[in-house]
Structure formats: C-alpha cells, structure tokens
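Structural features, examined
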Amino acid sequence: MSSECPGKNSWPELVGTKGDYAASVIERENSRVKAVVILDGSPVTTDFRCDRVWVRVDKEVEGIVIKTPTVG
C-alpha cells in the first residue's frame, strides 16, 4: 500500500537508532508525514494513512527503533 503514497515510504536504515532521532529523520526526508514514536506492542489504530509513520521502539532498550518504520 505504501507505494500509493508520495515521497519516501520506508526507513530500514533507522532500525537500531534512537526513536526521537528516527522521527526527525523521517519528517525531514518526507515532509508529508508525521512520525509518531510508540512502544512496540502498544495499541494503534489500523487505518492506513499516507501522512503517518509509526516509529516502534523497544520497551527494554529504551527508545531504540526495533522495526522498520513505514508509511501507514
């Protein structure tokens, strides 16, 4: 689905970085999205949106991105 959205849609290179840093990179590289840092496993809405990126961070390794952030 992400191919329907304009701009960069995936940031695998940010896995292992701090969540806040990843969010700033995502928003800089695609100004159409809002990056939201969340703890992995947190409940989120399941609707697909081209203007949102969930940045999932590990609960045990505070603030580290553990899954590839993608538009949705």
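The coordinates are above.
If you're wondering where the values come from, they're calculated on a predicted model, not measured in any experiment. (Residues numbered from 1 in each chain as written. Predicted model: local features only at pLDDT ≥ 70, side-chain atom pairs only at ≥ 80, totals over all residues. Heavy atoms only, no water.)

1. A look at helix H1 (residues 19–29)
For clarity, the threshold we go by: Exposure classes here rest on a 1.4 Å probe applied to the protein chains alone. A residue is buried below 20% of its type maximum, exposed above 50%, and partly exposed in between. Only DSSP runs of H or I covering at least 4 residues are called helices, and only runs of E covering at least 2 are called strands; the numbering of each starts at the N terminus. Directions drawn from the helix axis to the C-beta atoms are what define this arc. Note on contacts: a residue pair qualifies if any of its non-hydrogen atoms lie within 4.5 Å across the two residues.
For H1, the set of buried residues is Gly19, Ala22, Ala23, Val25 and Ile26. Down the axis of H1, the buried set is contained in an arc of 165 degrees. They therefore lie on one face. More than 90 degrees from the buried face of H1, the exposed residues found are Asp20 and Arg28. Each element contacted by the buried residues of H1 is listed here: strand S1 (34–39) and strand S2 (52–57).

2. Looking at the side chain of arginine 52
This is how it is decided: Under this definition, polar contacts are N or O atom pairs within 3.5 Å; protein pairs additionally need one hydrogen-donor-capable and one acceptor-capable atom, and for neighbouring residues in sequence, both atoms have to be side-chain atoms.
With respect to the helices and strands, arginine 52 occurs in strand S2. Within the structure, arginine 52 has its side chain in polar contact with the backbone oxygen of aspartate 47 (distance 2.4 Å). A polar contact is formed between the side chain of arginine 52 and the backbone oxygen of glycine 72, at a distance of 2.7 Å. The contact partners of arginine 52, leaving out residues within four places of it in the chain, are Val33, Lys34, Thr45, Asp47, Thr70, Val71 and Gly72.

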